[in-house]
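Below, each chain spelled out in residue letters.
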Amino acid sequence: MLAAALALGAGVAAEPEAGLIEAPGWKLVYAHCSGCHGLDLVTAQRGDRIFWTAAIRRMQANENLWRFDPHTEDQLLTYLSRQYGVPPFAGRRAPLAPSLQPGATPRED
């Protein structure tokens, strides 16, 4: 059991109450984001660097979020886009089952 937990170490939350993935930059996110809202709001989102930049700018414009120095903002955006980014496109989805395709005979359950 312990070996399984250690094998999953890269994806383990840094602090159970924080819920953030432990990776470089998580402490900055914890410090700058948890003061205004729960971190579940962060961990529920997925977006690229543009998405996270827009989220920060919206909070700065509308919700009194302070300005970050360029180095801090870069670290925040790097962490957020890497840990809570959009998964790479893996191609087309699998074909629909024949019973779900247009014109298929309805199933009788």
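Computed from a predicted model, the values in this text were never measured in an experiment. Think of each chain on its own: its residues are numbered from 1, step by step along the sequence as written. Given that this is a predicted model, residues contribute local features only at a pLDDT of at least 70 and side-chain atom pairs are listed and counted only at 80 or more, while totals for whole chains, interfaces and linings are drawn from all residues. Hydrogens and water molecules were not included; the side-chain quantities draw on all heavy atoms of the structure.

Caption draft 1: Region of the structure containing unusual backbone geometry. Backbone geometry places Asn64, a non-glycine residue, at a positive phi of 65°. Checked against the element boundaries, Asn64 lands in the loop between helix H4 (49–62) and helix H5 (70–83). Using a 1.4 Å probe on the protein chains alone, a residue whose accessible area is under 20% of its type maximum counts as buried, one over 50% counts as exposed, and one in between counts as partly exposed. Judged by its relative accessible area of 71%, Asn64 falls in the exposed class. Helix and strand definitions here come from DSSP, where helices need a minimum of 4 consecutive H or I residues and strands a minimum of 2 consecutive E residues; each element is numbered from the N-terminal end.

Caption draft 2: Layout of the pattern of salt bridges. Just to be clear on terms, a salt bridge is a Lys or Arg side-chain nitrogen sitting within 4 Å of an Asp or Glu carboxyl oxygen. For the structure on display, the rule yields three salt bridges. The salt bridge partner of Arg57 is Glu73, with a shortest N-O separation of 2.7 Å. Here the residue Arg57 occupies a position in helix H4, and Glu73 occupies one in helix H5, the gap between them amounting to 16 residues. Taking relative accessible area as the criterion, Glu73 reaches 14% and is therefore assigned buried. Salt-bridge contacts for Glu63 lead to Arg58; the nearest nitrogen and oxygen are separated by 2.9 Å.

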